[in-house]
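# A look at the structure
Given next are the chains, with one letter for each unit.
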Amino acid sequence: MNLDPELIKAVEDSVKEAGQKASVAALLIAWLDASSKGAVTAEDDSRRLDLIRSALTLKEGVSKHED
Amino acid sequence: MKINILGWKSTGLRSPDIEVTLEQGHKVTPVSFIQMPNGTGKTTTLDMLRAALTGDAENWTPEKVLTYKNQDQSEGLFVLHLAYDDTALTFEIKFDFENGRASYRTTSPRIGGVKNGWNPPPDVRRFLNNRFVRLFIFDGEFPDKILKAGESDAENAIDALFQLYLLDEIAQKATADWERHAKQVGSKSHKAQEHALALIKTLKARKQAVENAKTKAVSRLEELSAELKELNSKIKKRAGSTQTNKKQLEEAHTLQEAAKVELANLLAQSIALMRQPHILHDSFGAALVELKDELDQLKLPANTSSQFFVELAEETECICGRPIDATAKKAILQRSHTYLADDISGVLNSLKHDIGLQVESPGSATPEKLSRILQQIEKQAVVVREYAQTIRVLIQAQIEEGDTQLAQWTKTHEDKQKEQATLALLLQEINRPPLDTDRVDDPDCHCLKYLVCTLEDEQQKLAKITKTVLLRSQTNIIRDITAKAVEKARATIKTSLTTDCNQRLRKVLPRSPLEIEGIGQHVSLRGQLDASMGQKLSIGYVFLTSLLGRGQNKFPLVLDSPAGSLDGEVREEVGKLVPTLCSQFVSFIISTEKQRFVDAVHKAADGEVKYLTCFKITKGTQELINRLPKKGVVKTANGVLVDGEEYFDKFDLKEQ
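None of the values given here were measured: they were computed from a predicted structure.

## A short note on the overall build of chain A
Helices and strands together make up the secondary structure of chain A, namely three helices and zero strands. Relative to all contacts within chain A whose residues are 6 or more apart in sequence, the contacts with residues 24 or more apart total 51%. Split by element, the accessible area of chain A, about 3,700 Å² in all, is 54% carbon and sulfur.

## Structural notes on the overall build of chain B
The helix and strand inventory of chain B stands at 23 helices and 18 strands. Evaluated residue by residue, chain B yields a buried proportion of 45% over its 656 residues. Sequence-distant contacts, at least 24 apart, represent 70% of the contacts inside chain B between residues at least 6 apart. Counting only carbon and sulfur atoms, one obtains 52% of the accessible surface of chain B, whose full area is about 34,500 Å².

## Some points on the pattern of salt bridges
Residue and element names in this part refer to chain B. What the rule picks out here adds up to 36 salt bridges over all chains. Salt-bridge contacts for Glu456 lead to Arg479; the nearest nitrogen and oxygen are separated by 3.9 Å. Of this pair, Glu456 sits in helix α17 (residues 448-465) while Arg479 sits in helix α18 (residues 469-508), placing them 23 residues apart in sequence. Judged by relative accessible area, which is 29%, Glu456 ranks as partly exposed.

## Here we look at the packing of aromatic side chains
Residues and elements named next belong to chain B. Applying the stated criterion across every chain yields a total of 15 aromatic pairs over all chains. Between Phe33 and Phe597, the ring centres sit 6.3 Å apart and the planes meet at 75 degrees, which makes this aromatic pair edge-to-face. With Phe33 in strand β5 (residues 31-35) and Phe597 in the loop between β15 (584-589) and α21 (598-604), the pair connects residues that are 564 residues apart, well separated along the chain. A relative accessible area of 0% places Phe597 in the buried class. Here the aromatic residues Phe33, Phe585, Phe597, Tyr611 and Phe648 are joined through ring pairs into a cluster of three or more. In this structure, Lys64 packs its charged tip against the face of Trp60, placed 4.9 Å from the ring centre. Between the NZ or CZ atom of Arg472 and the centre of the ring of Trp178, over which it lies, the distance is 5.6 Å.

## Re the interface of chain B and chain A
One widely used convention gives an interface's size as the accessible area the parts lose upon coming together. Taken together, the contacts link 34 residues of chain B with 33 residues of chain A. Across the chain B to chain A interface the summed buried area is about 3,100 Å²; carbon plus sulfur atoms make up 66%. Put simply, chain B and chain A have four salt bridges between them. Here Asp45 of chain A makes a salt bridge to Lys173 of chain B, at a shortest N to O gap of 3.0 Å. Remark: the boundary between chain B and chain A carries six residue pairs in polar contact (both at pLDDT 80 or more). At the level of secondary structure, the elements contributing two or more residues to the side of chain B that touches chain A comprise α7 (165-184) and α18 of chain B. When residues of the side of chain B that touches chain A are assigned to their parent elements, the largest contribution, 15 residues, is made by α18 of chain B. Here the side of chain B that touches chain A is built from residues that sort into 17 nonpolar, seven polar and ten charged.

## Overview of the sheet that holds strand β1 (residues 3-11) of chain B
Residue and element names in this part refer to chain B. Taken in spatial order, the six strands make up an open sheet running β2-β1-β6-β7-β8-β9, and their pairing is antiparallel. Of all strands in the sheet, those with a lone pairing partner are β2 (18-21) and β9 (113-116), marking the two edges. For this sheet the average axis-to-axis angle between neighbouring strands, irrespective of direction, equals 15 degrees. Packed on one face of the sheet, helix α1 (residues 42-54) meets β1, β6 (75-84), β7 (87-96) and β8 (101-108) and runs near 65 degrees to β6.

## What to know about the sheet that holds β5 of chain B
The strands making up a sheet associate through backbone hydrogen bonding, with each pair oriented either parallel or antiparallel. All names here are of chain B. Pairing in this open sheet of six strands is mixed, and the strands run β14-β15-β5-β16-β18-β17 from one edge to the other. Each end of this open sheet is capped by a strand with a single partner; those strands are β14 (556-560) and β17 (633-635). Ignoring strand direction, the axes of neighbouring strands in this sheet form an average angle of 15 degrees. With five bridges connecting them, strand β16 (residues 609-616) and strand β18 (residues 639-643) associate as antiparallel partners. For Cys614, the partnering residue across the bridge sits in β18 and is Leu641.

## Let's talk about the pairing of β7 of chain B
Residues and elements named next belong to chain B. Along β7, seven of the ten residues are buried, which leaves the element largely enclosed by surrounding structure. When β6 meets β7, the two strands line up antiparallel, connected through ten bridges. When the sheet's bridge partners are listed, Leu77 is paired in β7 with Lys94. The hairpin formed by β6 and β7 contains two residues between the paired strands, and Asp85 there has a positive phi angle of roughly 45 degrees. Here seven bridges tie β7 to β8, and the two strands are oriented antiparallel to one another.

## Thoughts on a nonpolar patch on the surface
Taken together, the side chains of Met274, Leu280, Phe284 and Leu374 of chain B make up a nonpolar region of the molecular surface, amounting to roughly 340 Å² of accessible area. Mapped onto the elements, Met274 of chain B comes out in helix α9 (residues 243-274).

## Looking at unusual backbone geometry
All names here are of chain B. The phi torsion at Asp86 lies on the positive side, around 70 degrees, for a residue other than glycine. Following the sequence through the fold, Asp86 ends up in the loop between β6 and β7. Positive phi values are uncommon outside glycine, yet Lys467 reaches one of about 55 degrees. Locating Lys467 in the fold gives a position in the loop between α17 and α18. With a relative accessible area of 53%, Lys467 lands in the exposed category.

## Here we look at the layout of surface pockets
All names here are of chain B. Here the largest pocket is characterised by a volume of approximately 1,200 Å³. The wall of the largest pocket is formed by 28 residues, among which Asp168, Gln172, Lys207, Gln208 and Glu211 lie closest to the centre. If you tally residues by element for the lining of the largest pocket, the top one is helix α8 (residues 190-239), at seven residues. Of the residues belonging to the lining of the largest pocket, the class tally is eight nonpolar, ten polar and ten charged.

## What to know about empty space enclosed by the protein
Empty space among the atoms becomes apparent when a probe as large as a water molecule is rolled across them. All names here are of chain B. Evaluation of the coordinates by the stated rule reveals two cavities of 30 Å³ or more. Quantified by volume, the largest cavity comes out at close to 50 Å³. Counting only elements with at least two residues in the lining of the largest cavity, the list comes to β1 and β2. Partitioning the lining of the largest cavity into residue classes produces eight nonpolar, three polar and no charged. Counted as a void, the second largest cavity has a volume near 30 Å³.

## Focus: the confidence of the model for chain B
Per-residue pLDDT for chain B has a mean of 87; in total, 95% of the residues score no lower than 70. Here the prediction assigns the complex a pTM of 0.64, and the interface score ipTM is 0.95.

## Quick notes on the nonpolar core
In summary, soluble globular proteins display a tendency toward joint burial of nonpolar side chains. All names here are of chain B. Core analysis: the biggest nonpolar cluster contains 124 residues, and Trp8, Phe33 and Phe543 have the highest contact counts within it. No other element matches α18, which puts eleven residues into this core. When near neighbours in sequence (up to four residues on either side) are disregarded, Phe543 contacts Phe142, Ile146, Ala154, Ala157, Ile158, Leu497, Cys501, Ile519 and Val523. Within the second largest apolar cluster, 19 residues are counted, among which are Trp178, Ala182, Ala196 and Cys447.

## Details of the side chain of Glu593 of chain B
Residue and element names in this part refer to chain B. Within the element layout of this structure, Glu593 appears in the loop between β15 and α21. In terms of polar contacts, Glu593 uses its side chain to reach the side chain of Ser561, at 3.5 Å. Ignoring sequence-local partners within four residues, the contact set of Glu593 consists of Ser561, Pro562, Ala563, Gly564, Arg571 and Phe588.

Criteria and cut-off values
- Residues numbered from 1 in each chain as written.
- Chains lettered and ligands numbered in written order.
- Predicted model: local features only at pLDDT ≥ 70, side-chain atom pairs only at ≥ 80, totals over all residues.
- Heavy atoms only, no water.
- Helix = DSSP H or I, 4+ residues; strand = E, 2+ residues; numbered from the N terminus.
- Contact = heavy atoms within 4.5 Å.
- Areas by Shrake-Rupley, 256 points an atom, 1.4 Å probe, with all protein chains shown as cover.
- Buried < 20%, exposed > 50% of the residue type's maximum accessible area, 1.4 Å probe, protein only.
- Salt bridge = Lys/Arg side-chain N within 4 Å of Asp/Glu carboxyl O.
- Phe/Tyr/Trp six-rings, centres within 6.5 Å; stacked < 30°, edge-to-face > 60°.
- Lys NZ or Arg CZ within 6 Å of the ring centre and 35° of its normal.
- Buried area = accessible area lost by both parts, 1.4 Å probe.
- Polar contact = N/O pair within 3.5 Å; in protein donor to acceptor, adjacent residues only side chain to side chain.
- Nonpolar A, V, L, I, M, F, W, Y, C, P; charged D, E, K, R; others polar.
- Pairing = 2+ DSSP bridges.
- Axes fitted to C-alpha atoms, helices over the stretch in contact; angles between N-to-C directions.
- Patch = residues over 30% accessible without salt bridge, like charges linked within 9 Å, V, L, I, M, F, W, Y side chains within 5 Å.
- 1 Å grid on protein atoms, 1.4 Å probe; cavity = no way out; pocket = protein on both sides within 12 Å on 5 of 7 lines; lining within 4 Å.
- Points joined across faces, edges and corners; volume = space filled by probe spheres on them.
- pLDDT = per-residue confidence, 0-100.
- Core = buried A, V, L, I, M, F, W, Y, C linked by side-chain atoms within 4.5 Å.

Pasting the structure below:
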């Protein structure tokens, strides 16, 4: 099943408002789409989460160095 | 996800032992009518469908299990065949009436064949709970609940069918992943890590409990408000029923209403005045005048005003009437820059103008005016209370004369008011800002902001201890984005759904206009609190079919007595609407509701309709058995099922 266009738009707008790149929205939408089709395993979830995390832009001051 | 009901079979239950198939060849019929006279076991069949889909029967009490027992049977069986995204799935419920137990068996290639227990494959499991199932195996109470204040069925339905829960799931997965890392990472401050983890666990539980209490309180307060309104109206009617105090009561009510209106006017005036800072206190006014005096001399915003000077220089006469020659033209263009400033000057000009007008001009409102209105409010509130006291005294007099009904309603009213006050206090405590005295270990601390902030702080501490600050920041961003997206999607879906529903309502109820004002947690109607049963049912169908038509998951829609409380015209409109908006429509129907509904559905479904008629074998139905058609009849020990349109049409009320 396809995702509702309103849901897709809401994700795109929220990502933009959070100051993140459009690729974050694309990754989130792909994850939602796969979940809605029931085609997601725990490994998939983990991989998709990693992809989104690495696509995120963090505020200044939060970096790997802090850890 | 697309779910279809292929058919079911029941034996040993209160409904007849029959096997129903909703397929024609290997294709599911888009519309199926199952005509069952009253007393044939419609309710039992619907209960079985719900129980098979939700797995609830395992938790039924022995007493409840026994309500489905057929007279002499010690065992019963209900089998439901489904297809989800073209995969077969079967649920069997076995009833052991001797021990009052129900047990399940599930069959699907996606779970490796047959398994004991209620074990749907994971991808379909999320839809098989009461929240979803009540949407498509239509719960007769649903129309009532989507309209009832305090219920959140409308919002739940939207979340379910538009898959908004998927966003919550992503946020939960991200949070769980950070927590797992934070637990697994070994840290030098092992004790601090353990302490932070324990505290986070406690805070999460407390936060959840307070959030639940808040939801419950808000919902109950909405209910109480409606209940008190109804009780008030009953008490008012009853209290005016004896001649002795009827006139006095009417007068007191009229005067109280007038006093309330006056009080509301005064409050509105005071709020309007309070919006102007210089009226709140003299010092604000003085400060505003000082600000105005210190602002630059008036200038014009260049962006919007420079063209004015260019065009003026082209004119033959100036605005003062003097001729504009070449020298004047040059001067205007050169000197225009002196009067132009950047665009902010437009705002400053407005500000100066407004301060002059609102604060300095004679006759403008002053703090004294607000003070006078506040005094009037106090006096008016006393007047309203006095009338309320008069009404109470008059009601009490009637109670003392022996009106027990009035006494009971008044007592209930008082109790509900107390409950309302207690809940309002609880909400005040939950919503208040954090205090220095708040403590995690104080069970009486219900301040949600304090709990949220403390949880946030502790999670940040844990992130630092376990060196997962980066991971946590990323998790927070994901959580914020998904939360915002749910909020946005919900709002836009509700708006467009309201428009869709209202368009359909105008068609379905052309003679009794009804409009949905908005969809919050429940559906609210414009200009009315309640609706008739027929109107509620129409709203329920319109809401549900609009949802089913737009949502991305395709569920069948099973309705019991779909047209019972609808009049002819509304039946036709609902009949036209329903089958076009769901992938499979199954309707249990009695003969008296067929008129104008079945034909409308038939046309809308282009004739792709399965017509089934089912009745029990009893002495009273012997005449029907003698006149059964030659084809399409399945007869069992206690029931008959006839497949065919002609028999369906002829089977009428007289024969029932």
